[in-house]
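One-letter residues, chain by chain:
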Amino acid sequence: LPSSPGGGKQQRRGGPVYEGPVRVSKASDVVECMGSVDEAASAVGVVYSGIEEIIEASSRGPGGDRGGTERLLTARDELGVVLERLFDIGAILARGMAGGVGNAGDGGDGAPDIDDIALPRGTVRDLERQIDDMTRGLPELENFILPIGGGVQGSYCHLARSITRRAERDYVRYRSGIMAEEGGGGG
């Protein structure tokens, strides 16, 4: 994630994590959310690196499965886009923090309102399409998926999935707090 807006500095022992136009506590929802997004990017990066290693190893072997390698290249490229979006989200959270609790872009300090900072147009639609493409042809799930099997790389995928889901929950909690502060209710 980017360093603090306004050139602030990190402090130890639970003090403010960012200083600049505002001071934000390490215990705040926005800092928790930024940390979760950072962890999600790290976990997705591990999966991405694992795919890189598999592609490299398969390119050294005799013959090989061309279709499998092509699927891995596609998955790697799609994960690269996911990583870019996670870094975008971290930057959005950090920039939004510059305006106050996370959304107070009315402080006259030129800081943007977090609602005015957005991911590239069509991001969510594109990610949903990719999910649909990847799951097309798979049998319908009848049970909860257990995070076992699939070797080390499969386990890293489950870890990345669970960390990303937590980041999503943290973001929803953070946004709900902003909406409640603005009188728009939470949730």
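It should be noted that the structure appears before, not after, this text.
These lines cover the structure that appears in this document, whether it is placed above or below.

Criteria and thresholds
- Residues numbered from 1 in each chain as written.
- Predicted model: local features only at pLDDT ≥ 70, side-chain atom pairs only at ≥ 80, totals over all residues.
- Heavy atoms only, no water.
- Helix = DSSP H or I, 4+ residues; strand = E, 2+ residues; numbered from the N terminus.
- Buried < 20%, exposed > 50% of the residue type's maximum accessible area, 1.4 Å probe, protein only.
- Areas by Shrake-Rupley, 256 points an atom, 1.4 Å probe, with all protein chains shown as cover.
- Core = buried A, V, L, I, M, F, W, Y, C linked by side-chain atoms within 4.5 Å.
- Patch = residues over 30% accessible without salt bridge, like charges linked within 9 Å, V, L, I, M, F, W, Y side chains within 5 Å.
- Salt bridge = Lys/Arg side-chain N within 4 Å of Asp/Glu carboxyl O.
- Expected span 1.5 Å × (residues − 1).
- Lys, Arg positive; Asp, Glu negative; His and termini not counted.
- Contact = heavy atoms within 4.5 Å.

**Let's talk about the overall build of the protein chain**
Step number 1: Each helix and strand counted, the protein chain has four helices and two strands in total.
Step number 2: The N-to-C order of helical and strand elements in the protein chain reads β-β-α-α-α-α.
Step number 3: Burial statistics for the protein chain: of 187 residues in total, 31% are counted as buried.
Step number 4: By element, 54% of the accessible surface of the protein chain is carried by carbon and sulfur atoms, the whole surface being about 12000 Å².

**Structural notes on the nonpolar core**
Step number 1: Core analysis: the largest hydrophobic core is formed by 24 residues, its most contacted members being Val30 and Leu93.
Step number 2: Put simply, the parts of the chain that give this core at least two residues each are α1 (29-60), α2 (66-97) and α4 (151-181).
Step number 3: Per-element accounting of this core gives the leading share, twelve residues, to α1.

**Some points on a nonpolar patch on the surface**
Step number 1: On the surface, Val46, Val152, Tyr156 and Leu159 cluster together into a nonpolar patch covering about 340 Å² of accessible area.
Step number 2: Its location among the elements puts Val46 in helix α1.
Step number 3: Overall, Val46 belongs to the partly exposed group, its relative accessible area being 37%.

**Considering α4**
Step number 1: Helix length check: α4, at 31 residues, gives a terminal C-alpha distance of 46 Å against a target of 45 Å (1.5 Å per residue), a fit within 8%.
Step number 2: Inspection of α4 places Gly154, His158, Ala160, Ile163, Ala167, Asp170, Tyr174, Arg175, Ser176 and Ile178 among the buried residues, and these make up the whole buried set.
Step number 3: One or two residues past the end of α4 sits Gly183, with phi positive at roughly 85 degrees.

**Here we look at the side chain of Glu78**
Step number 1: Within the secondary structure layout, Glu78 lies in helix α2.
Step number 2: For Glu78, which is buried and forms no salt bridge, the nearest opposite charge comes from Arg129, at a distance of 5.7 Å.
Step number 3: The residues contacting Glu78, other than those within four sequence positions of it, are Gln130 and Met134.

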